[in-house]
Amino acid sequence: MQVSENNFPPKTTLTVRRAETGDFAAVTALLTELGRPALTPKNAAGVEAVYRRHIHDSPTGSLVAEVDGVVIGFLSLVFREHMNFASPQAWIPDLIVTESARGLGAARALLDAAFLAAREAGCEFVRLESGYGRTVAHRVYEAVGMSNDGCYFTKRLGA
């Protein structure tokens, strides 16, 4: 997502809200910045269908952060059952704030909104995935009271 620091005057208004259908382009640009595959003519329709299901599906809570009406951040929140837990688990597979808007408090605001939604859903905890190299983001997570409890592994399965 191309947003320059010049787009943010000294007095900005940061808001967090649920993602909407019209946020698709901004959200997919943010996810590409995070390292997800870019939209192409070949995958765009399928990716948009997944996005629409995700934002309208009740066990999810996709959020965006805006500064003065410009989407600068995205958080994907999923509520799921987890074996040996009686209450649902809140899982954050995606959290990204565009590089030029970092330091404005958007990540913390997105996380605060996610924590509130998780409490309201009866979750006992929130789990977040983050790549090893995102050390600045890790400091934000620790600053809001999250602990580094493990890692995850991936095996690509090819078509």
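Quick note: structure is the one above.
My aim in this report is to walk through the structure given alongside it, one point at a time. (Residues numbered from 1 in each chain as written. Predicted model: local features only at pLDDT ≥ 70, side-chain atom pairs only at ≥ 80, totals over all residues. Heavy atoms only, no water.)

## Notes on helix H3 (residues 106–120)
The periodicity of an α-helix, 3.6 residues per turn, causes residues three or four positions apart to be oriented the same way.
Part 1 of the reasoning: Over its 15 residues, H3 runs 21 Å from end to end, which matches the ideal 21 Å to within 8%, given 1.5 Å per residue.
Part 2 of the reasoning: By the burial criterion, the buried members of H3 are Ala106, Ala107, Leu110, Leu111, Ala114, Phe115 and Ala118.
Part 3 of the reasoning: Turning to H3, the residues buried within the fold contact strand E1 (14–18), strand E2 (63–67), strand E3 (70–80), strand E4 (89–97), strand E5 (126–128) and helix H4 (135–143).
Part 4 of the reasoning: Downstream of H3 by one or two residues, Gly122 has phi in the positive range, about 85 degrees. (Helix = DSSP H or I, 4+ residues; strand = E, 2+ residues; numbered from the N terminus. Expected span 1.5 Å × (residues − 1). Buried < 20%, exposed > 50% of the residue type's maximum accessible area, 1.4 Å probe, protein only. Contact = heavy atoms within 4.5 Å.)

## Things to note about the environment of Tyr51
Part 1 of the reasoning: Relative to the elements of secondary structure, Tyr51 occurs in helix H2 (residues 44–56).
Part 2 of the reasoning: Placed 28 residues apart in sequence, Tyr51 and Asp23 show a C-alpha to C-alpha distance of 9.7 Å.
Part 3 of the reasoning: If sequence neighbours within four positions are ignored, Tyr51 has contacts with Ala19, Glu20, Thr21, Asp23, Phe24 and Val27.
Part 4 of the reasoning: A polar contact of 2.7 Å, which involves the side chain of Tyr51, links it to the backbone oxygen of Glu20. (Polar contact = N/O pair within 3.5 Å; in protein donor to acceptor, adjacent residues only side chain to side chain.)

## Regarding the pattern of salt bridges
Part 1 of the reasoning: The final tally for this structure, using the stated rule, is six salt bridges.
Part 2 of the reasoning: Arg17 is paired through a salt bridge with Asp23; the nearest N and O atoms lie 2.8 Å apart.
Part 3 of the reasoning: By relative accessible area, Arg17 is classed as partly exposed at 21%.
Part 4 of the reasoning: With relative accessibility at 6%, the residue Asp23 sits in the buried group. (Salt bridge = Lys/Arg side-chain N within 4 Å of Asp/Glu carboxyl O.)

## What to know about the layout of surface pockets
It is the rolling of a water-molecule-sized probe over the atoms that shows where space remains empty.
Part 1 of the reasoning: Roughly 740 Å³ of volume is contained in the largest pocket.
Part 2 of the reasoning: What lines the largest pocket is a set of 23 residues, among which Leu128, Ser147, Asn148, Asp149 and Gly150 lie closest to the centre.
Part 3 of the reasoning: When residues of the lining of the largest pocket are traced back to their parent elements, those giving at least two are E5 and H4.
Part 4 of the reasoning: Its volume calculated, the second largest pocket comes out at about 370 Å³.
Part 5 of the reasoning: Contributing to the lining of the second largest pocket are 16 residues, with Arg102, Ala107, Val136, Ala137 and Val140 lying nearest its centre.
Part 6 of the reasoning: Counting only elements with at least two residues in the lining of the second largest pocket, the list comes to helix H1 (24–34), E4, H3 and H4.
Part 7 of the reasoning: A per-element tally of the lining of the second largest pocket places H4 first, with four residues.
Part 8 of the reasoning: In terms of residue class, the lining of the second largest pocket is made up of ten nonpolar, two polar and four charged. (1 Å grid on protein atoms, 1.4 Å probe; cavity = no way out; pocket = protein on both sides within 12 Å on 5 of 7 lines; lining within 4 Å. Points joined across faces, edges and corners; volume = space filled by probe spheres on them. Nonpolar A, V, L, I, M, F, W, Y, C, P; charged D, E, K, R; others polar.)

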